[in-house]
Amino acid sequence: MATAVLPRSATTAPRAVVRATGESRTVRWILIAIALGFLSLVLLVPLLLVFVQALSKGLPAYWEAIKEPDALSAAKLTLLIAAIAVPANLIFGVAAAWCISKFAFRGKHLLITLIDLPFAVSPVISGMIFVLLFGAHGWFGPWLAEHDIKVIFAIPGMVLATTFVTAPFIARELIPLMQEQGTEEEEAAIVLGAGGWQTFFRVTLPNIKWGLLYGLILCNARAMGEFGAVSVVSGHIRGETNTLPLHVEILYNEYAFAASFAVASVLTLLALVTLALKTLVEWQQRRAMSDAAEVFTTPERIAA
Amino acid sequence: MSIQVRNLRKTFGDFVALNDVSLDVPGGELVSLLGPSGSGKTTLLRIIAGLEPADTGTIHFHGEDTTERPVRERQVGFVFQHYALFRHMSVFENVAFGLRVKPRNMRPPEKEIRETVMGLLHLVQLDVQAERRPSELSGGQRQRVALARALAVKPKVLLLDEPFGALDAKVRKELRRWLRRLHEEVHVTSVFVTHDQEEALEVSDRVVIMNEGKIEQSGTPEEVYDRPATPFVYGFLGDVNLFHGRLDRGQVSIGANQLEAPEWAEAKDQAAVAYVRTYDIELTPVPSGLSSIEATVQHVRAFGPMVRLELRRVEDGETIEAHVPRAIFEKHGVVKGQRVFVSPTSVRVFAQS
Amino acid sequence: MQRKSATVLPGFGLSLGITCTYLSLIVLLPLATVFTRTAQLSGSAFWNTVTDPRVLASYRVTFGASFLAALVNTVFGLLVAWVLVRYRFPGRRIVDAMVDLPFALPTAVAGIALTTLYASNGWIGQYLEPLGLKVSYTWVGITVALIFIGLPFVVRTVQPVLDDLEVEVEEAAASLGAGRWQTFSRVVFPTVAPALLTGFALAFARAIGEYGSVVFISGNMPMKTEIVPLLIITKLEQYDYAGATAVALVMLVASFALLLTINLLQWAARRRMAV
């Protein structure tokens, strides 16, 4: 005689329904009102302000500000820096997650903590350290001057600072994910004769694709939007060593408010796209996980 | 404190969980709601507790209408399948909780709280663990704490939702007996939900069998077991074989065989189903009348006091399950593949409408 | 005889090598300069630098405003998380996604937006000034900017804990006679408290290092509204590298101490709540 136990949700109401143990209607709506009021004040109003101010001199002026040569070169530089920093951190993140999650070795926890370090460092200090390293009075200063290589107050320094600041993003996403997935599938692949790279691309990568994408989105958003660190190492030279955020600052300090907000609005749109992509990926992640839970009955995967 | 449930109806979207259910629970009795998943038993329990509102119908506690009363005013004790203990509190504080949240004017003094709690912990044999956290206890211990916690506020009704469902078999059996003894001592009107028939039959004063939102039968364990009112009840309690045939004037024809069904003496050529319990089957090497069904032995499982035989009826290839006592089995020396004759010693016939 | 599982899966050497090299070159080496530079200072020179009145004032501003902002975020962050997890209302999903806006938005954009908003003629500033509440170019403005920055940290840390709360525990409390507030204060809050504390620490840690969103609204008046990051930049521009690193070292030590505390909090919470 069957004694199958269905999950309780088959016989109890979904959580959204007013429970016998919830707050009264009035209390709920008051709390919702306060929460939404707070969020509107803190998030929504500044957001609206960006766009209103950007268009305050009319649409033609808006386009002008964006198409202006200095703005365009700032955009190009922003993209260039991201195009270098993000892939570099991708390789780093994948490598770090691979050795941490698939192998056992001493000092693993220390390594994980070290990877988290850039998060604990103020952006300004993140820039400062590269000035100390490559600046005129820095460690490598004299050597660089000798060979006429400019790192600080030039693009290489900005790339380095951005890379430093965004280094942990992908690693932090992948490490817990891959730890949870364990080593069984990779081991199975090896036993079946697959090589190292084959195993990675055919077995590991599909499993981590959503986490990877998530980390990439966050890393990219930060790389494009970084201000403090880049500000310290940049030469603030218009048209040459300015990223979009720096350009926003310059325009603002020159009282070209509408133009400043116009460029800022581009960055804001980028942020909104980032949020949308992020939400999409999270949604996909959740779907993938619940699908997997149906296929496997005992997801008992212990980290290496 | 007796409970009267009248005409309860509850739907979740399209799913009808309870379909016009009425029930009486006499004061001081231990009643079990037994049924398969989806039968509505947990929903019924939660509505009695006030954790879920019914769509229509009423609940009365000892004649008083409590249908609209919120859960915290019903004075029910509720024990959850997964204990729902307060993880950040000690065992003592968990049990004391109900006493501590009473309104100022009704709250007992600290000394009294201490006495009550320790008394209950002694009752559930966990006084030594009073300062431990739930995470340090075993499943069985946690459930005892949950029970003590529910009893601390002297509830009029004790409701238990599959209280032993999350525990392993041996612990379950122990706690079952222990619950029975507790009930003898404390005598609170208790209703508990289970899908385990052995549990329900062993522990309760009265068993209520539910299926698809309706009550199939309500009675003492002996009543429901020996005199099942519906085919569902018959099939649910104990292992059973089904034979489809035609019923005519007190006899059920099943292919070449005929079974006696004297209670259907007036029936005239109806479709019917004959229910035969697996241990109500007699094994003979040679036929002994029209009720002897010819079958071949497919599987033999000879462990324990009863031997389980899986047989295949020669006439139509249907499977018959028989549980015979070991002694009989060894006397006949039955082996796999052998042709035998099985004869039901007790038959229950239900006509199909 | 300890054979590592590494012998079955390939790539250990390569991945560890890449990781350690990259980490050393990009992270550790640059960070080391702070310590080596500061080491060049004598003890008294270091002390004098970091206890200079202007520097002390900047610590006060930075740590004070960060603490206050993190506190505000803790209270409202809990409320927001509660509302998002427990209630259904139109637009809930959008609001949920928007909570991450401070993460995604470049700090400079936030900076100029908030400054314009709270300026004397700003949308909000124009109403507050007559009331005597000047926000831009005061520490109030700094706090407001830091509230913006830190909000997601508290909400996102508390949300999963609230999500995981079993309904049954609250039902048990109700069946035992507890009122709604009693259930919240005695049962729900203690469970959420560790996450709340972690969220506070994260928001605080982020706030003390914040530059872009604060530098516009603060006005950067030395001794009054100068934040530490700006002070460091000023010293760098004056080629006072030693001074800059000294001040930075204090910040780094504070940040690392916070990071350690946060990790300890999370570890302790995991242990306590293990069932």
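What you see is a predicted model; the values in this text were computed from it and never measured.

Visitor: What is the right way to look at the overall build of chain A in this model?
Guide: Counting secondary structure elements, chain A contains 13 helices and 0 strands. Walking chain A from its N terminus toward its C terminus, one meets helices and strands in the order α-α-α-α-α-α-α-α-α-α-α-α-α. Taken across its 304 residues, chain A has 44% of its residues classed as buried. Contacts spanning at least 24 positions in sequence make up 77% of the contacts within chain A whose residues lie at least 6 apart.

Visitor: When you look at the overall build of chain C in this model, what are you seeing that I'm missing?
Guide: From N to C terminus, chain C includes 13 helices and 0 strands. For chain C, the succession of helices and strands along the chain, N to C, is α-α-α-α-α-α-α-α-α-α-α-α-α. On the principal axes, the C-alpha backbone points of chain C span a range of 75 × 70 × 35 Å. Counting only residues that meet the buried cut, chain C has 49% of its 275 residues in that class. Considering only contacts within chain C whose residues lie at least 6 apart along the sequence, 77% involve residues at least 24 apart.

Visitor: Got a minute to help me understand the domain arrangement of chain A in this structure?
Guide: A common way to express how large an interface is: the accessible area buried when the components associate. Residue and element names in this part refer to chain A. Domain assignment breaks chain A into domain 1 (17-54) and domain 2 (55-303). Relative placement of domain 1 and domain 2: their C-alpha centres are 31 Å apart. Each side of the interface is counted separately: domain 1 has 6 residues, and domain 2 has 10 residues. Considered class by class, the residues forming the side of domain 1 that touches domain 2 number 5 nonpolar, 1 polar and no charged.

Visitor: I'm lost on the confidence of the model for chain C in this one. Help?
Guide: Caution applies to low-pLDDT regions: their predicted coordinates should not be interpreted in detail. Residues and elements named next belong to chain C. For chain C, the mean per-residue pLDDT works out to 88, and 96% of the residues sit at or above 70. With pLDDT under 50 throughout, residues 1-6 is counted as low confidence; its partners more than four residues away or in other chains account for 8 contacts. In the predicted complex, the global pTM is 0.81; the interface-specific ipTM is 0.87.

Visitor: In this structure, what is going on with the sheet that holds strand β3 (residues 30-34) of chain B? I would like to understand it.
Guide: Two modes of strand pairing occur in sheets, parallel and antiparallel, and in both the strands are linked by backbone hydrogen bonds. All names here are of chain B. One open sheet holds the 6 strands; their spatial order is β6-β7-β8-β3-β9-β10, and the pairing between them is mixed. Only two strands of the sheet have a single partner each, and these edge strands are β6 (76-79) and β10 (214-219). Going across the sheet, the axis of each strand differs from the next one's by a mean of 15°, ignoring polarity. Pairing of strand β7 (residues 157-161) with strand β8 (residues 189-194), which is carried by 5 bridges, proceeds in the parallel orientation. Residue pairing in the sheet places L159 in a bridge with V191 of β8.

Visitor: For this particular structure, what's the right way to read the interface of chain C and chain B?
Guide: Taken together, the contact between chain C and chain B spans 18 residues of the former and 20 residues of the latter. Tallying contributions element by element places helix α9 (residues 167-175) of chain C first for the side of chain C that touches chain B, with 6 residues. For the side of chain C that touches chain B, the per-class residue count stands at 10 nonpolar, 5 polar and 3 charged.

Visitor: Please clarify how the confidence of the model for chain A should be interpreted in this entry.
Guide: Residues and elements named next belong to chain A. Of the residues in chain A, 89% reach a pLDDT of 70 or more, and the chain-wide mean stands at 85. Every residue in residues 1-18 scores below 50 in pLDDT, and together they form 17 contacts with partners more than four places removed in sequence or on other chains. pLDDT under 50 marks residues 297-304. Its contacts with residues more than four places away, or in other chains, come to 17 contacts.

Visitor: Is there a simple way to think about the interface of chain C and chain A in this case?
Guide: With 73 residues of chain C at the contact, the number on the chain A side is 75 residues. Partitioned by chemical class, the residues of the side of chain C that touches chain A number 55 nonpolar, 11 polar and 7 charged.

Visitor: What exactly am I supposed to notice about helix α1 (residues 12-39) of chain C here?
Guide: An α-helical turn contains 3.6 residues, so any two residues separated by three or four positions project in the same direction. Of all the bends in α1 of chain C, the greatest, near 45°, is centred on S24 of chain C. Along α1 of chain C, the residues classified as buried are S15, T19, Y22, L23, I26, V27, P30, L31, T33, V34, R37 and T38 of chain C.

Visitor: Can you help me understand the sheet that holds strand β12 (residues 251-254) of chain B in this one?
Guide: Residue and element names in this part refer to chain B. With respect to topology, 5 strands assemble into an open sheet ordered β13-β12-β11-β14-β20, the strand pairing being antiparallel. The two strands at the open ends of the sheet, each matched to only one other strand, are β13 (257-260) and β20 (348-351). Going across the sheet, the axis of each strand differs from the next one's by a mean of 40°, ignoring polarity. Where strand β14 (residues 270-277) lies against β20, 4 bridges are found, and the strand directions are antiparallel. From the neighbouring strand, A274 faces β20, where its bridge partner is V349.

Visitor: I tried to follow the pairing of β13 of chain B on my own but got confused; where do I start?
Guide: Remember that side chains alternate between the two faces of the sheet whenever the strand is regular. All names here are of chain B. Every second residue of β13 is oriented toward a common face, the buried set being N257 and L259 and the non-buried set Q258 and E260. Relative to β13, β12 is paired through 4 bridges, and the arrangement is antiparallel. In the sheet register, I254 faces β13, and the bridge partner there is N257. With antiparallel pairing between neighbouring strands as the criterion, β12 and β13 make up a hairpin whose turn holds 2 residues, including G255 at a positive phi of roughly 60°.

Visitor: Would you mind showing me how to read the pairing of β14 of chain B here?
Guide: Bridge analysis of strand β11 (residues 240-248) of chain B against β14 of chain B gives 8 bridges, and the strand direction is antiparallel. Each bridged residue has a counterpart across the sheet, and for H244 of chain B the counterpart in β14 of chain B is V273 of chain B.

Visitor: Any chance you could explain the nonpolar core here in plain terms?
Guide: The nonpolar side chains of a soluble globular protein tend to be buried with one another. One finds M128 of chain A together with V109, I232 and A248 of chain C to be the most contacted residues of the largest nonpolar core, which totals 162 residues. Here this core spans two domains, since at least three of its residues come from each of domain 1 (17-54) and domain 2 (55-303) of chain A. In this structure M128 of chain A touches V232 of chain A together with I232, L236, A244 and A248 of chain C, once residues within four positions along its chain are discounted. Formed by 106 residues, the second largest nonpolar core is a distinct cluster that contains L99, V153, V207 and A261 of chain B.

Visitor: Looking at this structure, I do not really get the environment of A244 of chain C. What am I missing?
Guide: Residue and element names in this part refer to chain C. With respect to the element layout, A244 can be found in helix α13 (residues 241-273). For A244, a count of 28 C-beta atoms within 10 Å puts it in the buried group. Separated by 104 residues in sequence, A244 and V140 place their C-alpha atoms 26 Å apart.

Visitor: Mind showing me how you'd approach the packing of helix α3 (residues 69-102) of chain A against helix α12 (residues 244-253) of chain A here?
Guide: The geometry of a pair of packed helices is captured by two quantities: the angle between their axes and the separation between those axes. Residues and elements named next belong to chain A. Put simply, α3 and α12 touch, their axes get as near as 8 Å, and they point 150° apart. By the angle between their axes, α3 is roughly antiparallel relative to α12. Every residue of α12 that contacts α3 at D70, A71, A74, A75 and T78 is listed here: L244, L246 and H247. When its residues are assigned to classes, the contact of α3 with α12 shows 5 nonpolar, 2 polar and 1 charged.

Visitor: Looking at this structure, how should I read the packing of helix α8 (residues 139-164) of chain C against helix α10 (residues 180-209) of chain C?
Guide: All names here are of chain C. At their nearest, the axes of α8 and α10 sit 8 Å apart, and the two run at 155° to each other. Judged by the angle between their axes, α8 and α10 are roughly antiparallel. Of the two possible hands of crossing, α8 and α10 adopt the one that is right-handed. Between α8 and α10, the contacting residues are L146, I149, G150, F153, V154, T157, V158, V161 and L162 on the first element and T191, V192, A195, L196, T198, G199, F200, L202, A203, R206 and A207 on the second. Looking at the contact of α8 with α10 residue by residue, the class counts come to 14 nonpolar, 5 polar and 1 charged.

Conventions and cut-offs
Residues numbered from 1 in each chain as written. Chains lettered and ligands numbered in written order. Predicted model: local features only at pLDDT ≥ 70, side-chain atom pairs only at ≥ 80, totals over all residues. Helix = DSSP H or I, 4+ residues; strand = E, 2+ residues; numbered from the N terminus. Buried ≥ 20, exposed ≤ 12 C-beta atoms within 10 Å, placed from the backbone. Contact = placed C-beta atoms within 7 Å. Domains from an automatic or database assignment. Nonpolar A, V, L, I, M, F, W, Y, C, P; charged D, E, K, R; others polar. pLDDT = per-residue confidence, 0-100. Pairing = 2+ DSSP bridges. Axes fitted to C-alpha atoms, helices over the stretch in contact; angles between N-to-C directions. Bend = angle between axes of the 7 residues up to and from the residue. Core = buried A, V, L, I, M, F, W, Y, C linked by C-beta atoms within 7 Å. Parallel < 35°, antiparallel > 145°, perpendicular 65-115°, else oblique. Left-handed = near helix turned anticlockwise from the far one by under 90°.

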